[in-house]
Amino acid sequence: MNSLGAYTRNRILLSLFIIFAVSVFAFLIVHLMPGDPVRAVLGIEADEAAVQKMREELNLDKPFLTQYWLWMKGIFKGNFGRSLTLNTDVGELIGRRLPVTLSLTIPALIIAAIFGIIIGVICATNRGSIADQLLTVLVTIANGVPIFWIGIMMIYLFGVLLGWLPLMGYASPFESFVEYLRKAAMPVSILAIRPMAEIARQVRTNMLEVINQDYIRTARAYGLSERKVKYKYALKNALIPIVTLLALQARDVAGGSVLAEQVFSIAGMGQLIMISVLNRDFPVIQAIVLVITVIVVFVNLLLDISYGWLDPRIRMTARKVIN
Amino acid sequence: MTQRSEVLLDVRNLKVSFFTHFGEVKAVNDISYYVNRGEVIALVGESGCGKSVSQMSVIQLIQSPPGRIMGGEVIFEGKDLLKYGANSKEMRAIRGKEISMVFQEPMTSLNPVFTIGKQLEEVISTHMGISKKEAWEKGVKALAAVDIPDPEERMKNYPFELSGGMRQRVLIAMAIACQSKLIIADEPTTALDVTTQAQIMELLMSIVKERGTSLVIVTHNLGLVSRYSERIYVMYAGRIVESGTTRDILTSPRHPYTVGLLNSVPRLEDDKDKELVPIEGMPPNLIDLPDTCAFMPRCRYAFDKCAGSRAPELRKVGENDHYAACYLDAGEGSIQ
Amino acid sequence: MRSAGSKKSGVFLKTFFGRGFIVKAAVAIALIFILSAIFAPVISKHDPNQINLEKALLDPSPEHILGCDAYGRDVFTRLLYGARVSLLSSIFSTLLAACAGMLLGLVAGYYEGIIGAIILRYVDVQLSIPPLLFTIVIGLIAGKGLGGMIAAISFSMLPGFIRLMNGIVLSIKRNDYIVALQVANIKRYKIILKHLLPNSLPSMFIMFAMNLGFAIMLEATLSFLGIGIQPPMASWGSMVADGYIYLLSEPLLAFTPGLCITLTVVAFNIIGDSLRDAIDPRLRGKL
C-alpha cells in the first residue's frame, strides 16, 4: 500500500470514530437534558398513563444500551423518529430543510474561497499597499462583528433604505433562480464574511512566506516570468495548506447557518434546531446534531484526502530517497 | 598575461546596498572583476563579505527593497546588463539561458510541489522556444549529462525524493540545459557531505571544461578552489582586497587577510604538522564602515599609516595582474 | 537589576503598542467597557429593567440619550448593564475553560497512554461539531440563565486550552534537561510540576486574553438566539434581537448594541494579539 493509501485509510478510520462518538453525544442529549423530556412536552398536569405510553413509544423505558441500539438501527433504516411537537417524521423534516441550508452554506463557502484567495494573493503581491492595509482592517472587523447584527444592518440598508433586496425569506433555486439570488444574497454574504477574511489572511501569509523561499529565487534565477513565478510556482505552494483551513471554515459556516436562518427567517436546519431547542423536541435535536456533524466530518474527510493528493510530500513519502 | 580580448563578463565598480532599519548596508562596495570565456575563477571570502550578493547582482536577483544596485556596470558579451530592468524581458532572457546559477542549498532550491521534470521543462521551454515534449527530452539529456542514473525515471520524481547530492546534480543539469555561457556556483558544495562535495566539484569541472563554459565559484573555502580555479579574487567587507592567478595567491599572498585565510585551511602541500591559525576577531559591521582599511582591527600587521589613511586602493604588486589593497609594502612572501 | 527590569518592561510596552494608534484605541475602548460595567449604577440613574410603557420607543432626548425600547426602558442604561453581563460571563467562562483546560491538558500530557488518548480524542470529537451547534446543545443541557450560559461558553473554549497545555507538557517532557534530570532519578512529576508553571503561564495568559473577545461574541450570540441571558436582564445580544422587531421604525435599537459588541470584541482581539506579540511573538500564527 502506498503512503497516500495509508493516509486515506487513517483519515477514514478517524472519521468513522468521530461519527460514532458524535452519535453517542447526540444520543446522550436526551438523558443529559434537565427535567423529564416527556413531561416537558405533555405538560406537568398530564396523567401518568399518557406519560408512560409516550415513554414506551420513545423507547425511554428500555435499558440504556438498547435505546442507543434501537436509535442507531432506526437511523440506518432511514428512520429518525418522530418530532414530539411538530407531529412530523424527523427524516422528512430534515429532508425538506437540509437542501435549504446547503443552498446557503455551499455558495457561501465557494464565494469565501474564491474571493479569499484572490484578495490574499493581491495583498501579498502588493505588500503594504492600501489594499493590503484594508485586508488587515477587514480581518480584524470580520472577527469582531456579530454576523447576526451585520445581517440585520444589511436588511436595513439594502431592504429598507435602498429597497434593492427583499427583507427576508427564501426561494428555492430550482423553482426561481432569480428569486433565489435576490433572497439568498444577504444570508450568503453574512455567512461568507468571516471565512473569506480568514482565507485571505492565510493565503497572504502563506504567499509571503513562500515568496522568500529558495526555490522561488531559483525560478527567478532561471528567467521565468514574474507572473509564472508568482501565480504558478508560489501560488501552488501557498494554496495547498488552504485546503485544511477550508475544512475548518466549512464547520463554522454550518454553525453560522443557525444565525443566518434566524435573522432572515429561512426554514432551514438552523431554524429547525432553534425551534426544537425551545420546544425541547429531543428527537429532532439529536437528528440535526448527527446529520450536520456527519456532513461536516465527510467534507473534512474529502478535503483531507484531497490535501494528501495535492501535496506530493504526503502522497509519496513511502518511496525511498534516491541517492 | 591575461588576454582581455576574450572577456565574457566584465564587472566594473559594482556597488550594492541594502537599506535596513539600522541604516545602509554597503554589501558590495565598488568591486571590479572579469571572467574570460572558458575560464574558471573563484571569489573567496567569509560569509557576509558580499560575495554572494555581488553574484546575485550580476543577474539582478537582489530582493528590492531592501536591496539596491547603487552603481557600476555589468558588461556581458559587450552589453551592460544593469541597463536592463530587473524584471525586463531582456534580463529574463539572460537568466538561465546565458548565465545560470547553482545555489548553496540544494535541499530548498527546488520547488517541492513540482516534479524535477516539470521544473526542468519549464526552464528549457521558456528559453529555447520549443515544445514541452522536446523540452522534456532535453531535460532527460541534461540529467544524463550530470551522471544521474535512470534520467527518465528521475524526471518524474519530486525533489524531496532525492538526496542532497542528487538535487545539486539536478540544479547543475538545469544550469547546463540551455547551454549557458557562464555558470555562477554559489557555495555549490557547502551543504553537502564531504564525499559528495568532491563528486559535485569534479562533475562541475568536467562539464565546464567539456563545454567551454565559464565558471565563477563563490566560496569561503580557499582550499576547495585552489585545484580548480585559474584566478582568485579575495573579498573582504564588500571590497576585493586581493586578486591574481591562483598560483600567485597561494604561493605569494600579499594581503594579510589572504594570508590569514590560507593559514586557516589545511592544504595538501603543507607539512603535516603545520598548525592551522584562525583569523582573530569578527568581520566588521557593514553599516558604519570606517574610512580606513576594514580589515585593520583584525590585522596582525597593521601600522600607523593604516590608522591614518583612507582604505587602500588595489595596486599592482606583481606580474600576471597580481593586485592587493594594502599599505604594507613588504617584499614577496615576507608577511608570511 | 532595577534598570534591567524597567528596560524589559519598556521593551514590552513598546512591542505591545507597536501597532500605534490602533492598540491605544483598543485599550481605551476596553477601559471604557470595563468602567461602564463596574460603574453602571453611578453613570446612569435609570433602572435598566423598569418597565414604563408611556415611554415606549421614545426617541433620543437629553433625558434618554439613546431613547427607550419597546417597554420604555432607557437604552443607554441597558447598554451599561449589558456590558456587565458581557464582562462577567466572558471572564468567568474563560477562567473556567482555562482552569479545566490546564488540568485536562496536564493530565493528557502527563499520562500519554490511554487517559491522554481519551482526552485528546474527546477534543477531536468536540472540534468536529460546529462550535455554535455544540454550544447551543450544551446550553440546552446546562439550562437557561447566566450560569448555564457560562458553562456552555466555557465548554466550547475548552479544546483550545487542553491542546495548548498538552503541547506545553509534552515539550517539557521531551526537553533534554528534563530527560537529564530523569536520568538523575528525580521524580518525574516533581520535575514537570516545577518546570510547568514558569513555562505554561505566559502562553496560558495569552490564550486567556485572546479568548475573552471570543467569549463576549459567544455570549452575545446565545443571548441573541434567546438561549442565553433571559429577560428582563439586559444583554447586548438580546437587545439586538429585541430591537430587530422594530427595525423599520427604530433602527437605532438594533444598531447600538451591535456596535457595542463589535467595538468591544475588536478591541479585545487587538489587545490579545498585541499581548501575544509582546510576550511571545513565536506564538504568532499558532494562537
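Residues numbered from 1 in each chain as written. Chains lettered and ligands numbered in written order. Predicted model: local features only at pLDDT ≥ 70, side-chain atom pairs only at ≥ 80, totals over all residues.

(A) How the structure looks around the overall build of chain A. When helices and strands are tallied, chain A shows 14 helices and zero strands. Shown N-terminal to C-terminal, the secondary structure of chain A runs as helices and strands in the order α-α-α-α-α-α-α-α-α-α-α-α-α-α. Considered along the principal axes of its C-alpha atoms, chain A spans approximately 85 × 60 × 35 Å. Relative to its full complement of 323 residues, chain A shows a buried share of 42%. Look at the contacts in chain A between residues 6 or more apart in sequence, and 72% of them connect residues 24 or more apart. (Helix = DSSP H or I, 4+ residues; strand = E, 2+ residues; numbered from the N terminus. Buried ≥ 20, exposed ≤ 12 C-beta atoms within 10 Å, placed from the backbone. Contact = placed C-beta atoms within 7 Å.)

(B) View of the overall build of chain C. Scanning chain C for helices and strands turns up 10 helices and zero strands. Counting from the amino terminus, chain C carries its helices and strands in the arrangement α-α-α-α-α-α-α-α-α-α. When its C-alpha atoms are laid out on the principal axes, chain C stretches across 80 × 50 × 30 Å. A buried classification covers 46% of the 287 residues belonging to chain C.

(C) Layout of the interface of chain A and chain C. At the junction of the two partners, chain A supplies 38 residues and chain C supplies 34 residues. Counting only elements with at least two residues in the side of chain A that touches chain C, the list comes to helix 1 (3–32), helix 6 (130–144), helix 7 (147–161), helix 11 (242–263), helix 12 (269–279) and helix 13 (282–310) of chain A. It is helix 11 of chain A that provides the largest number of residues to the side of chain A that touches chain C, a total of eight residues. Looking at side-chain class alone, the side of chain A that touches chain C contains 28 nonpolar, eight polar and two charged residues. (Nonpolar A, V, L, I, M, F, W, Y, C, P; charged D, E, K, R; others polar.)

(D) Focus on the sheet that holds strand 1 (residues 7–20) of chain B. Residues and elements named next belong to chain B. What the four strands build is an open sheet, ordered 2-1-4-5; its pairing is antiparallel. A single partner strand is all that each edge strand has here, and the edge strands are strand 2 (23–36) and strand 5 (79–80). Each of strand 1, strand 2 and strand 4 (67–76) touches helix 1 (residues 51–58); the most contacted strand, strand 1, lies at about 115 degrees to it. (Pairing = 2+ DSSP bridges. Axes fitted to C-alpha atoms, helices over the stretch in contact; angles between N-to-C directions.)

(E) Broad picture of the pairing of strand 1 of chain B. Residues and elements named next belong to chain B. Inspection of the sheet shows strand 1 paired to strand 2 by 11 bridges, in the antiparallel sense. Pairing of Ser 17 across the sheet is with Lys 26, part of strand 2. Counting the residues that bridge the hairpin from strand 1 to strand 2 gives two residues. The pairing of strand 1 with strand 4 spans eight bridges and is classified as antiparallel. Each residue of the ladder has a partner; that of Val 11, found in strand 4, is Val 74.

(F) Structural view of the sheet that holds strand 6 (residues 99–102) of chain B. All names here are of chain B. Taking strand neighbours across the sheet as the criterion, the eight strands line up as 6-7-8-3-9-10-12-11 in an open arrangement whose pairing is mixed. If you trace the sheet from one side to the other, it starts and ends with strand 6 and strand 11 (315–318), each paired once. Averaged over all neighbouring strand pairs, the angle between strand axes comes to 25 degrees, with direction disregarded. Both strand 3 (residues 40–44) and strand 8 (residues 214–219) contribute to a ladder of five bridges, which runs parallel. Its bridge partner lying in strand 8, Ala 42 is registered against Ile 217.

(G) Representation of the interface of chain B and chain A. Across the boundary between the two partners, chain B contributes 30 residues, which contact 25 residues of chain A. Taken together, the elements giving at least two residues each to the side of chain B that touches chain A come down to helix 2 (89–94), helix 3 (116–128) and helix 6 (164–177) of chain B. Of the residues belonging to the side of chain B that touches chain A, the class tally is 14 nonpolar, nine polar and seven charged.

(H) Local environment of the nonpolar core. Counting residues in hydrophobic clusters, the biggest one holds 252 residues, and the most contacted among them are Ala173(B), Val234(B), Phe161(C) and Val240(C). Looking at which element gives the most residues to this core, the answer is helix 8 (residues 188–224) of chain C, with 16 residues. Two domains each provide a minimum of three residues to this core, namely domain 1 (3–76) and domain 2 (98–267) of chain A. (Core = buried A, V, L, I, M, F, W, Y, C linked by C-beta atoms within 7 Å. Domains from an automatic or database assignment.)

(I) Up close: the packing of helix 3 (residues 75–110) of chain C against helix 8 of chain C. Residues and elements named next belong to chain C. Direction vectors running N to C along helix 3 and helix 8 enclose 145 degrees, while the axes themselves pass 8 Å from each other. Regarding helix 3 and helix 8, the two cross each other, and that crossing is right-handed. Between helix 3, through Ser 86, Ser 89, Ser 90, Ser 93, Thr 94, Ala 98, Met 102 and Tyr 110, and helix 8, the contact on the second element is made entirely by Ile 192, Met 204, Phe 208, Asn 211, Leu 212, Ala 215, Ile 216 and Glu 219. Residues belonging to the contact of helix 3 with helix 8 are distributed by class as follows: nine nonpolar, six polar and one charged. (Left-handed = near helix turned anticlockwise from the far one by under 90°.)

(J) Quick peek at the domain arrangement of chain A. By the assigned domains, chain A splits into domain 1 (3–76) and domain 2 (98–267). Taking the mean C-alpha position of each, domain 1 of chain A and domain 2 of chain A sit 36 Å from one another.

(K) Just helix 4 (residues 132–145) of chain B, in detail. Residues and elements named next belong to chain B. The terminal C-alpha atoms of helix 4 lie 20 Å apart, and with 14 residues this matches the ideal 20 Å at 1.5 Å per residue to within 8%. Every buried residue of helix 4 is accounted for by Ala 135, Gly 139, Val 140, Ala 142 and Leu 143. The buried residues of helix 4 occupy an angular sector of 160 degrees when the element is viewed end-on, so they sit on one face. Among the structural elements, helix 3, helix 5 (151–155) and helix 6 are those in contact with the buried residues of helix 4. Phi turns positive one or two residues past the end of helix 4, at Asp 147, with a value near 60 degrees. (Expected span 1.5 Å × (residues − 1). Arc of directions from axis to C-beta.)

(L) The confidence of the model for chain C, seen in detail. Residues and elements named next belong to chain C. Per-chain confidence: chain C averages 83 in pLDDT, with 92% of residues scoring 70 or above. The least confident element of chain C is helix 1 (residues 2–16), whose mean pLDDT is 61; the most confident is helix 4 (residues 114–128), at 92. Scored as a complex, the prediction yields pTM 0.84 and ipTM 0.89. (pLDDT = per-residue confidence, 0-100.)

(M) Examining the environment of Thr101(A) more closely. Residue and element names in this part refer to chain A. Within the secondary structure, Thr 101 sits in helix 5 (residues 90–125). Residue Thr 101 is classed as buried on the basis of its C-beta count, with 26 C-beta atoms lying within 10 Å. Separated by 169 residues in the primary sequence, Thr 101 and Gly 270 place their C-alpha atoms 7.5 Å from one another. Among all residues touching Thr 101, those that are not within four sequence positions of it are Ser 257, Gly 268, Met 269 and Gly 270.

(N) Inspection of the environment of Leu201(C) at higher detail. All names here are of chain C. By secondary structure assignment, the location of Leu 201 is in helix 8. Residue classification places Leu 201 among the exposed residues on the basis of 12 C-beta atoms within 10 Å. Residues Leu 201 and Met 165, 36 residues apart in the sequence, show an inter-C-alpha distance of 9.7 Å.

(O) Representation of unusual backbone geometry. At Arg280(A), a position not held by glycine, the phi torsion is positive, near 55 degrees. Among the secondary structure elements, Arg280(A) is positioned in the loop between helix 12 and helix 13. The phi angle at Asn13(B) is positive, at roughly 50 degrees, despite the residue not being glycine. Along the chain, Asn13(B) falls in strand 1.

(P) Focus on the arrangement of the chains. Where two pairs of chains are in contact, the pair with the most contacts is made of chains A and C. Left apart from each other, chain B and chain C have a closest C-alpha approach of 15 Å.

(Q) Inspection of the packing of helix 12 of chain A against helix 13 of chain A at higher detail. All names here are of chain A. At a minimum axis separation of 9 Å, helix 12 and helix 13 run at an interaxial angle of 150 degrees. You can see that helix 12 and helix 13 cross each other, and the crossing is left-handed. Residue-level contacts link Met 269, Leu 272, Ile 273, Ser 276 and Val 277 of helix 12 to Val 284, Ile 285, Ile 288 and Ile 292 of helix 13.

(R) Seen up close, helix 9 (residues 236–244) of chain C. Counting buried positions over the nine residues of helix 9 of chain C gives nine, a clear majority of the element. Packed against the buried residues of helix 9 of chain C are helix 7 of chain A together with helix 3, helix 8 and helix 10 (252–279) of chain C.

(S) Looking closely at the environment of Asp280(C). All names here are of chain C. In this structure, Asp 280 sits in the segment after helix 10. By C-beta crowding, Asp 280 is classed as partly exposed, having 15 other C-beta atoms within 10 Å. Separated by 196 residues in the primary sequence, Asp 280 and Arg 84 have C-alpha atoms spaced 31 Å apart. Excluding residues that lie within four positions of it along the chain, Asp 280 makes contacts with Pro 202, Ser 203 and Ile 206.

(T) Representation of the pairing of strand 7 (residues 182–186) of chain B in the model. All names here are of chain B. Most of strand 7 is tucked away: five of the five residues are buried. Burial of strand 7 is two-sided: the residues Leu 182, Ile 184 and Asp 186 facing one way and the residues Ile 183 and Ala 185 facing the other way are all buried. The sheet contact formed by strand 6 and strand 7 spans four bridges and is parallel. Directly across from Val 102, in strand 7, lies its bridge partner Ala 185. In the sheet, strand 7 pairs with strand 8 via five bridges, with the strands oriented parallel. Among the inter-strand pairings, Leu 182 is bridged to a residue of strand 8, identified as Ser 214. With helix 7 (residues 194–211) bridging strand 7 and the parallel strand 8, this β-α-β connection has right-handed handedness. (Right-handed = clockwise from strand over helix to strand, strands pointing away.)

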